[in-house]
Amino acid sequence: MSARFEEIDWRPTPLGDISLRRRRDPASGDDVYEVKLGDEFLMSSLFTAGEVALARLGLAQLPEAELDIAVGGLGLGYTAQAALDDPRVRSLIVVEALGEVIEWHERHLVPLGARLVSDPRCRLVQGDFFAAAGDPAGLDPQSPGRRFHAVLLDIDHSPRHVLNPRHAALYQPPGLRALADHLHSDGVFTLWSNDPPDEQFTSVLAEVFAAPEAHVVDFDNPLQGRTATNTVYVARKK
């Protein structure tokens, strides 16, 4: 049994102070892992339905038997693990800006860390996803120009609420076109958002991708005693 509350790690980073915390949920007795950036909560192991759906909804669109997947943002690893749970995935690269977050997984400080770092299909790369998405060299520093069957992105709160102002360019047609260049023909782009479906952003997606859809993911929020939602955008390359 863990202590009721523990700050496992705290680091200053270029994006602000980041901390990994573990607390015991009084209702279930389970450990809950939380990540904060400054005073803002980024993620919690109590709410993972959206992160899992990000991978499952995207990969469900792909008929291929051997898939190469790229994930933008590691976090607590739930999107990456959901992708690896699909037996068709032969390789997965996760681009994470903060080396501290990668270290949490390598040191097994988070629940999925040991599984991710021991899976030979998975590679964690420290880098700027947004810069790489706009660069012809692409998302894999070991293989310039490499293309993927799907890119799964979970970094910003939403296309309108970004962690860094320079991220905003990705969510405009030129940024999305540059990202689409890193996909195979008929490849899939999926995006997690904490906001309700945004018709304006869906229209922007439609300028670059074929028939984008916004899926609402419901999950229980025991902290607020209600059902909460995330949005997952799914778009196929034209």
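Scoring rules and cut-offs
Residues numbered from 1 in each chain as written. Predicted model: local features only at pLDDT ≥ 70, side-chain atom pairs only at ≥ 80, totals over all residues. Heavy atoms only, no water. Helix = DSSP H or I, 4+ residues; strand = E, 2+ residues; numbered from the N terminus. Rg over C-alpha atoms; globule rule 2.2 N^0.38 Å. Contact = heavy atoms within 4.5 Å. Areas by Shrake-Rupley, 256 points an atom, 1.4 Å probe, with all protein chains shown as cover. Lys, Arg positive; Asp, Glu negative; His and termini not counted. Charge placed at Lys NZ, Arg CZ, Asp CG, Glu CD. Buried < 20%, exposed > 50% of the residue type's maximum accessible area, 1.4 Å probe, protein only. Arc of directions from axis to C-beta. Pairing = 2+ DSSP bridges. Axes fitted to C-alpha atoms, helices over the stretch in contact; angles between N-to-C directions.

Side note on the overall build of the chain
At step 1: A tally of regular secondary structure across the chain gives seven helices and 11 strands.
At step 2: At 17 Å, the chain has a C-alpha radius of gyration in line with the 18 Å of a compact globule built from 238 residues.
At step 3: Counted over contacts in the chain with a minimum sequence separation of 6, partners at least 24 positions apart contribute 61%.
At step 4: Element-wise, carbon and sulfur atoms account for 49% of the exposed surface of the chain, whose accessible area totals about 11000 Å².
At step 5: Taken together, the 23 basic and 35 acidic charged side chains of the chain have centroids lying 2 Å from each other.

With respect to helix α7 (residues 199-208)
Given 3.6 residues to a turn, an α-helix orients residues that are three or four positions apart in the same direction.
At step 1: For α7, every residue scored as buried is listed here: Phe201, Thr202, Val204, Leu205 and Val208. For α7, the arc enclosing every buried residue in end-on projection is 155°, short of the 170-degree limit, so these residues lie on one face. With respect to the buried face of α7, the exposed residues turned more than 90 degrees away are Glu199 and Gln200.

Quick word on unusual backbone geometry
At step 1: With a phi close to 65°, aspartate 186 is a non-glycine residue in the positive phi region.
At step 2: Examined against the element boundaries, aspartate 186 turns out to sit in strand β9 (residues 183-193).
At step 3: Residue classification places aspartate 186 among the partly exposed positions, given a relative accessible area of 42%.
At step 4: Of note, alanine 211 is a non-glycine position whose phi angle comes to about 45°, a positive value.

Considerations on the sheet that holds strand β4 (residues 40-44)
At step 1: Strand order in this open sheet of four strands is β1-β2-β3-β4, and the pairing throughout is antiparallel. Sheet topology places β1 (5-13) and β4 at the edges, where each strand pairs with a single neighbour. Strand-to-strand twist of the sheet, defined as the mean angle between neighbouring strand axes without regard to direction, takes the value 20°.
At step 2: Against the sheet, helix α3 (residues 99-106) contacts β1, β2 (16-24) and β3 (31-37), and its axis sits at roughly 145° relative to β1.

This is a description of form; function is not addressed.
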